[in-house]
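What follows is the residue order along each chain.
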Amino acid sequence: MNKIRHPRAPALTVERWFNTPQPITLESLRGKVVVMESFQMLCPGCVSHGLPQVSRVYATFPQDKVAVIGLHTVFEHHDVMTAQALKTFLSEYRIPFPVGVDMPSAESDIPQTMQAYAMRGTPTLTLIDQQGYLRQQYFGQVDDLALGAEIGALLSESLSVPSEEPVTSGCSDGQCAL
């Protein structure tokens with residue numbers, strides 16, 4: 001059976017973090033499913049759906065198993081979406097999880113992490129598995145039940161390395177073993 005190969009999630013290129021005492025890297029989150037919501041403060045879909053949804057994910061799943069992070073990725077209205085405005089926004093909307101500010105690009109209006117993940121806009125929800133592989137990316141609204149099922153499926157995947165012990169299988173005495 002062929003196993004699907006997923007690409008390694010690109011590194012986050014962040015100029016500043018909020019709601020965390022130290023910068024976050026994807027390597028530091030290995031062993032957890034990562035749910036990353038990329039948003040802009042002035043994006044109606046981000047404010048009405050994306051951020052409330054990942055806030056529910058943050059409140060629902062154990063934080064030692066699922067890491068929720070936000071990525072403020074500004075590709076328009078640069079002059080009004082400042083770090084101070086974001087700090088106020090996060091406080092007013094009671095966003096509890098870590099939020100990074102995507103590093104601007106010298107070549108274009110599209111920030112660096114947004115480019116690395118080939119995002120089409122905001123809101124974009126990205127799922128990264130426990131081993132750091134990019135597993136899913138959604139542009140726009142995602143159904144809560146479907147998202148919960150995907151997170152659950154990623155949590156059920158084993159991080160363990162297969163054992164070297166031989167596995168016996170077969171049927172005898174009315175029982176079948178793998």
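For the structure, see preceding data.
Scope of this entry: the structure provided in the associated data block. Treat the numbers as computed from the prediction; the structure is a model and nothing was measured.

### Some details on the environment of A67
Then, in step 1: The topology assignment puts A67 in strand 3 (residues 66-72).
Then, in step 2: The class of A67 is buried, set by a relative accessible area of 8%.
Then, in step 3: Ignoring any residue separated from it by four or fewer positions in sequence, one finds A67 in contact with L29, K32, V33, V34 and V35.

### Notes on the nonpolar core
Then, in step 1: In terms of nonpolar packing, the biggest core is built from 28 residues, with V35, F39, V57, V66, L86, L90 and I151 touching the most fellow members.
Then, in step 2: Looking at this core, the elements with two or more residues in it are strand 2 (33-39), helix 1 (44-60), strand 3, helix 2 (83-92), strand 4 (99-102), strand 5 (124-128) and helix 4 (144-156).
Then, in step 3: No other element matches the four residues that helix 1 contributes to this core.
Then, in step 4: A9, L29, Y117 and L134 belong to the second-largest nonpolar core, a separate cluster that totals 17 residues.

### Here's the deal with the side chain of Q53
Then, in step 1: Along the chain, Q53 turns up in helix 1.
Then, in step 2: Overall, Q53 belongs to the buried group, its relative accessible area being 2%.

### Here's the deal with the sheet that holds strand 2
Then, in step 1: Spatial strand order, 1-4-3-2-5-6: six strands in an open sheet with mixed pairing. Of all strands in the sheet, those with a lone pairing partner are strand 1 (14-18) and strand 6 (134-139), marking the two edges. Within the sheet, the average angular offset between the axes of one strand and its neighbour, ignoring direction, is 20°.
Then, in step 2: The pairing of strand 2 with strand 5 spans five bridges and is classified as antiparallel. In the strand pairing of strand 5, V35 is matched with L127.
Then, in step 3: Running over the sheet, helix 2 touches strand 1, strand 2, strand 3 and strand 4 and is turned about 30° from strand 1.

### Comments concerning the pairing of strand 6
Then, in step 1: Sheet analysis places strand 5 next to strand 6, joined by five bridges and oriented antiparallel. Pairing of L127 across the sheet is with Q136, part of strand 6.

### As for the environment of R120
Then, in step 1: You can see R120 is positioned in the loop between helix 3 (112-116) and strand 5.
Then, in step 2: On the accessibility criterion, R120 (67% relative accessible area) is exposed.
Then, in step 3: Counting along the chain gives 19 residues from R120 to F139, while the straight-line C-alpha distance between them is 6.8 Å.
Then, in step 4: Setting aside residues up to four positions removed in sequence, R120 forms contacts with M114 and F139.

### Focus: helix 1
Then, in step 1: The end-to-end C-alpha distance of helix 1 is 24 Å, a good match for the 24 Å that 17 residues give at a rise of 1.5 Å each.
Then, in step 2: At G50, helix 1 shows its largest kink, close to 30°, and the proline P52 lies no more than four residues downstream.
Then, in step 3: What helix 1 keeps buried is the set C46, H49, G50, L51, Q53, V54, S55 and V57.

### Remarks on the packing of helix 1 against helix 4
Then, in step 1: The geometry of helix 1 relative to helix 4 is characterised by a closest axis approach of 11 Å and an angle of 45° between their N-to-C directions. In terms of orientation, helix 1 lies oblique with respect to helix 4. Of the two elements, helix 1 crosses helix 4, and the hand of that crossing is right-handed. Note on element contacts: helix 4 touches helix 1 through D144, L147 and I151, opposite H49, Q53, R56 and V57.
Then, in step 2: When its residues are assigned to classes, the contact of helix 1 with helix 4 shows three nonpolar, two polar and two charged.

### Re the packing of aromatic side chains
Then, in step 1: A full pass over the atoms with the stated rule returns three aromatic pairs.
Then, in step 2: Ring geometry for F39 versus F89: centroids 6.2 Å apart, planes at 25°, classification stacked. One end of the pair, F39, is in strand 2; the other, F89, is in helix 2, and 50 residues separate them in sequence.
Then, in step 3: By relative accessible area, F39 is classed as buried at 0%.
Then, in step 4: Pairing Y58 with F97 gives two aromatic rings, centres 6.0 Å apart and planes at 55°, and the pair type is tilted.

Conventions and cut-offs
- Residues numbered from 1 in each chain as written.
- Predicted model: local features only at pLDDT ≥ 70, side-chain atom pairs only at ≥ 80, totals over all residues.
- Heavy atoms only, no water.
- Helix = DSSP H or I, 4+ residues; strand = E, 2+ residues; numbered from the N terminus.
- Buried < 20%, exposed > 50% of the residue type's maximum accessible area, 1.4 Å probe, protein only.
- Contact = heavy atoms within 4.5 Å.
- Core = buried A, V, L, I, M, F, W, Y, C linked by side-chain atoms within 4.5 Å.
- Pairing = 2+ DSSP bridges.
- Axes fitted to C-alpha atoms, helices over the stretch in contact; angles between N-to-C directions.
- Expected span 1.5 Å × (residues − 1).
- Bend = angle between axes of the 7 residues up to and from the residue.
- Parallel < 35°, antiparallel > 145°, perpendicular 65-115°, else oblique.
- Left-handed = near helix turned anticlockwise from the far one by under 90°.
- Nonpolar A, V, L, I, M, F, W, Y, C, P; charged D, E, K, R; others polar.
- Phe/Tyr/Trp six-rings, centres within 6.5 Å; stacked < 30°, edge-to-face > 60°.

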